[in-house]
Amino acid sequence: PVEISYPISEQIVFQISLPDGYALSETPEQERVILPNGSGQYDVIYSEGGGRIIVNHKLKLNGLKYEPDQYPILKEFFDRVSEKMGEQLVIEKNAK
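To keep things clear, this report deals only with the structure shown in the data block. Being a predicted model, the structure only gives us computed values, none of them experimental. (Residues numbered from 1 in each chain as written. Predicted model: local features only at pLDDT ≥ 70, side-chain atom pairs only at ≥ 80, totals over all residues. Heavy atoms only, no water.)

Counting across every chain of the model gives seven salt bridges. The closest approach of N and O atoms between Arg80 and Glu83, which form a salt bridge, is 2.3 Å. A residue pair is termed a helical-turn pair when its members lie 3 or 4 positions apart in one helix, as Arg80 and Glu83 do in helix 1 (residues 71–85) at three residues. Under the relative-accessibility criterion, Arg80 is labelled partly exposed at 24%. Close ionic contact of Glu87 with Lys84 constitutes a salt bridge, the shortest N to O distance being 2.8 Å. In the salt-bridge network here, residues are joined through shared partners; they are Glu31, Arg80, Glu83, Lys84 and Glu87. (Salt bridge = Lys/Arg side-chain N within 4 Å of Asp/Glu carboxyl O. Helix = DSSP H or I, 4+ residues; strand = E, 2+ residues; numbered from the N terminus. Buried < 20%, exposed > 50% of the residue type's maximum accessible area, 1.4 Å probe, protein only.)

Along the chain, Tyr42 falls in strand 5 (residues 40–49). Considered as a pair, Tyr42 and Leu59 are 17 residues apart in the sequence and their alpha carbons are 4.5 Å apart. One polar contact links Tyr42 to His57, side chain to side chain, over a distance of 2.5 Å. (Polar contact = N/O pair within 3.5 Å; in protein donor to acceptor, adjacent residues only side chain to side chain.)

The pairing of strand 4 (residues 31–34) with strand 5 spans four bridges and is classified as antiparallel. For Ile34, the partnering residue across the bridge sits in strand 5 and is Gln41. Where strand 5 lies against strand 6 (residues 52–61), 10 bridges are found, and the strand directions are antiparallel. Bridge pairing links Asp43 to Lys58 in strand 6. (Pairing = 2+ DSSP bridges.)

Structure (structure tokens):
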């Protein structure tokens with residue numbers, strides 16, 4: 001089994017200030033990934049305004065023990081979290 005010593009609640013927030021003349025041209029999809037029975041959740045939210053981009057990642061794990069038959073679902077959850085955390089924002093210079 002996979003055992004976690006204590007519940008996990010983490011939040012990572014990035015704030016990016018765009019230089020004058022640059023804009024966000026591509027944003028990955030916002031997403032919520034949920035483990036069965038509410039034992040875990042991951043959210044990623046993107047927002048833009050005032051020359052800033054804010055990326056907010058939230059991870060919660062409430063389950064402390066995952067049995068071997070739950071391992072594929074847990075692995076899929078963390079694979080998806082890893083994939084979402086590696087996605088890129090595309091920032092381009094404005095055309096004049």
